[in-house]
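Chains, contacts and geometry: an overview
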Amino acid sequence: MCGIAGYIGPRNGVEVVYDQLKRLEYRGYDSAGIAYPQNDRIEIVKRAGKLTELQKLLDEAPRDSRIAIAHSRWATHGGPTNENAHPHFDRLERIAVIHNGIIENYLDLREELLAKGHTFKSQTDTEVAAHVIGEEYTEGTPLEEAVRKGVQRLRGAYAMVVVSKLEPDKIVAARNASPLILGIGIDENMLASDIPALLPYTREVVILEEDTIATLTRQSVHITDLDGRELPLEPIHIDWDIAAAERGGYEHFMLKEIHEQPQVLRQALAGRIDEKNRVRLEQVFSEHVWTEIDRVNIIACGTAYHAGLMGKHLFEKLLRLPTDVYFSSEFRYGDPVLSPKSLAIFVSQSGETADTLAALRLCKSRRIRTLGVVNVIGSSIARECDRTIFTQAGPEISVASTKAYTAQVTVLTLLAMYIAQVQEMPGVRVSDAVAELVALSEKAEVCLKLEEQMIKLADKYKSMPLCFFLGRGADASVALEGALKLKEIAYIPTQESPAGEMKHGPLALVQPGVVAIFGSTDSETRDKVVSNMKEVQARGGTVIAIVTEDDAVTERAADEVIRIPHSKMDFLNALLTIIPMQLFAYHVARLKGCEIDQPRNLAKSVTVE
Ligand code: M6R
């Protein structure tokens, strides 16, 4: 995610915020910028690329100011260019704004402002937000009041920071959904999007609550709610070392990223659903294209391939659209038969996976429509696809993919719902399905509370010689991903297949000590899955079942039962089972003392064929 820094105090603020941005570099970014009030105006220095590019500008003309704000941007709306880099001015260049998160109604606001004669230099939602706050910054209105009024016109997630040339003695910040931390010093105060940026300067921090506004001066910090009521300032003392702080206090990035999933689920939908629970993906292809497509090929590797398999369930079940899922490496050398009316979807976290990129180029050479489902903006796959939907999951640092998977499946689900909406599919109630998708984030929170149970199970079974991952339908697809997590970080051999395939061979591997994890979330196949569990137990294997809370049948068959919240869409129940599986893999690996974030033999981005 993007990084935010801000400082007011006796030091050179420009140098402090630059240093703070450096401490946030591990989060990934593609442009950076600084704003500081000086001589009755606001100076903005910003540049696409790494911080070294920004440093070159600062070296050319060294800057000094007692107050500064800074931002490192990971592109979401608009590519990683100098113009799109933050900070952004309002219309009259009186205030400068930096922002993390996504403003969902920015297109509507942009149109409204354009009609009033505003012009924009960037493609960002942030510049629109700056103009909205600027509109509220009328004569006699204090900056904090303008920010309070402005953010109430915004819908979406934000951590927003504003400085003004008219009030150069304060920084005003607002928070809703995206994190923002205040650092309380002596004769100086600061803020950042993440704790590590603050630790060299202070260890007294305030984690800003949702829907609050903070005003920082050199000597004071005030927090108010959206009605202007003063809230208590309750700093906490942080004694983590800096490396632990980068991981948000988690022992590994993988665990941090697992825990980010509720937020990631929200982010993946941000700006894509309207008040009536209708899907808004208009920029993807024009509507008539979706009625022409006769076949879908989903092409990806590893975890992204597993997400593609989930897509196939939906495209075929919900849309009756024939869908094939290919490993990129097989597709490109397989001389695929491609219908001219087909759509090829490329799923990739990094957007740089060599085989997926080569498969994309093959499709383009055959003039097939291409759509990317990609996390990294500006990546090769995102640039070369005809259209791309970004998963908006934020940078994923751990080699083992977790939050990217849930975001990829969410985006494919959203796409399926969008196509159903455009095609007016009979029998598909898009708004009901979307409501279930929206509710998934809270259910993911509940799944994370299973961690204690997963730690106990990990401890009990960490020495298993082999672990099966089984299920039917969508549960069988999630089983593949659960198995990949366990093998890649805990180095435990796994056997994954649809549960019905067991007796055609793999069952021969079951013996005492072997564990079988079953996802069983589909009421239609529940009885069959229970029979498969019995087959494992009859041969001495141990059965762990992941079921929905309303399932009173499976618990009688399994040795261990994990309960997840129930969604009315079976498919989404299957998706949620990945969270306990990720936690299980993580804690088995941790208890075995494995190198979790960088497992042996693997790389985050596979750019060789
Ligand atoms: O960046 P991509 O999504 O294209 O990467 C594809 C695979 O290399 C990746 O999903 C890999 O399987 C995971 N990191 C494993 O957890």
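Structure shown above.
What comes next is a walk through the structure. (Residues numbered from 1 in each chain as written. Predicted model: local features only at pLDDT ≥ 70, side-chain atom pairs only at ≥ 80, totals over all residues. Heavy atoms only, no water.)

Secondary structure assignment for the chain yields 20 helices and 25 strands. For 609 residues, the compact-globule formula gives about 25 Å, and the C-alpha radius of gyration of the chain, at 25 Å, lands near that figure. Projected onto the principal axes, the alpha-carbon positions of the chain cover approximately 80 × 55 × 45 Å. Across the 609 residues in the chain, those meeting the buried criterion constitute 60%. When the accessible surface of the chain is summed, it comes to about 23400 Å², and 49% of that surface belongs to carbon and sulfur atoms. The averaged location of the 85 negative side-chain charges in the chain is 3 Å from the averaged location of its 69 positive side-chain charges. (Helix = DSSP H or I, 4+ residues; strand = E, 2+ residues; numbered from the N terminus. Rg over C-alpha atoms; globule rule 2.2 N^0.38 Å. Buried < 20%, exposed > 50% of the residue type's maximum accessible area, 1.4 Å probe, protein only. Areas by Shrake-Rupley, 256 points an atom, 1.4 Å probe, with all protein chains shown as cover. Lys, Arg positive; Asp, Glu negative; His and termini not counted. Charge placed at Lys NZ, Arg CZ, Asp CG, Glu CD.)

Take the environment of Leu21 next. In this structure, Leu21 sits in helix α1 (residues 13-23). Counting along the chain gives 176 residues from Leu21 to Ala197, while the straight-line C-alpha distance between them is 6.9 Å.

What follows concerns the layout of surface pockets. Here the largest pocket defines a volume of roughly 860 Å³. Lining the largest pocket are 34 residues, and of these Pro179, Asp194, Lys256, Glu260 and Gln263 lie nearest its centre. Those elements that provide at least two residues to the lining of the largest pocket are α7 (253-259), α8 (261-269) and α15 (430-448). Considering every element that reaches the lining of the largest pocket, the biggest residue donor is α8, with 5 residues. By residue class, the composition of the lining of the largest pocket is 16 nonpolar, 8 polar and 10 charged. When its volume is computed, the second largest pocket comes out at roughly 720 Å³. Elements represented by at least two residues in the lining of the second largest pocket include exactly α3 (106-115), α13 (380-384) and β20 (387-390). Top element by residues in the lining of the second largest pocket is β20. It accounts for 4 residues. Taken together, the residues of the lining of the second largest pocket sort by class into 13 nonpolar, 10 polar and 7 charged. Of the domains in this structure, domain 1 (3-243) and domain 2 (247-438) are the two that each give at least three residues to the lining of the second largest pocket. (1 Å grid on protein atoms, 1.4 Å probe; cavity = no way out; pocket = protein on both sides within 12 Å on 5 of 7 lines; lining within 4 Å. Points joined across faces, edges and corners; volume = space filled by probe spheres on them. Nonpolar A, V, L, I, M, F, W, Y, C, P; charged D, E, K, R; others polar. Domains from an automatic or database assignment.)

Let us look at the site of the ligand. Taken together, 14 residues are adjacent to the ligand, and Ser348, Gln349, Ser350, Thr353 and Glu488 come closest. Here Val399 contributes a backbone N or O atom positioned 2.7 Å from a nitrogen atom of the ligand. Within the side chain of Glu488, a nitrogen or oxygen atom sits 2.6 Å from an oxygen atom of the ligand. In isolation the ligand offers 410 Å² of accessible surface; the protein chains occlude 90% of this area. For the shell around the ligand, the elements supplying multiple residues, two or more each, are α10 (302-319) and α17 (474-490). Considered class by class, the residues forming the shell around the ligand number 5 nonpolar, 7 polar and 2 charged. (Near = heavy atom within 4 Å. Polar contact = N/O pair within 3.5 Å; in protein donor to acceptor, adjacent residues only side chain to side chain.)

Attention shifts here to the sheet that holds strand β13 (residues 221-225). Ordered in space as β5-β6-β7-β8-β12-β13-β14, the 7 strands form an open sheet in which the pairing is antiparallel. At either end of the open sheet lies a strand with only one pairing partner, and these are β5 (88-89) and β14 (230-231). For β5 and strand β6 (residues 95-100), the ladder comprises 2 bridges, and the chain directions are antiparallel. By the bridge assignment, Phe89 is partnered in β6 with Ala96. Contacts from helix α4 (residues 125-136) reach β5, β6 and β7 (158-164) within the one sheet, and its direction differs from that of β6 by about 135°. Each of β6, β7, β8 (171-176), β12 (212-216) and β13 touches helix α5 (residues 143-151); the most contacted strand, β7, lies at about 145° to it. (Pairing = 2+ DSSP bridges. Contact = heavy atoms within 4.5 Å. Axes fitted to C-alpha atoms, helices over the stretch in contact; angles between N-to-C directions.)

As a further point, take the nonpolar core. Counting residues in each nonpolar core, the largest one holds 95 residues, and the members touching the most others are Trp290, Phe315, Ile345, Leu486 and Phe584. The leading source of residues in this core is helix α14 (residues 403-423), at 12 residues. Counting contributing residues per domain, this core is built from domain 2 (247-438) and domain 3 (448-595), each supplying no fewer than three. With near-sequence residues (within four places) excluded, Leu486 lies in contact with Met464, Cys467, Phe469, Tyr491, Ile492, Thr494, Phe584, Ala585 and Val588. Grouped together as the second largest cluster of nonpolar side chains are 29 residues, Met190, Leu198, Tyr201 and Val205 included. (Core = buried A, V, L, I, M, F, W, Y, C linked by side-chain atoms within 4.5 Å.)

All right, on to the pattern of salt bridges then. Within this structure, the stated rule accounts for 41 salt bridges. The residue Arg148 makes a salt bridge to Glu145 at a minimum N-O spacing of 2.8 Å. Placement of both Arg148 and Glu145 in helix α5 is noted, with a separation of 3 residues, approximately one turn of the helix. What makes Arg148 buried here is its relative accessible area of 6%. The partly exposed category is assigned to Glu145, whose relative accessible area is 27%. Lys568 is the partner of Glu436 in a salt bridge, and the nearest nitrogen-oxygen pair spans 3.9 Å. With Glu436 in helix α15 and Lys568 in the loop between β25 (560-564) and α19 (570-576), the pair connects residues that are 132 residues apart, well separated along the chain. Three or more residues are tied together by salt bridges with common partners; here these are Glu112, Lys116, Glu135, Glu136 and Arg153. (Salt bridge = Lys/Arg side-chain N within 4 Å of Asp/Glu carboxyl O.)

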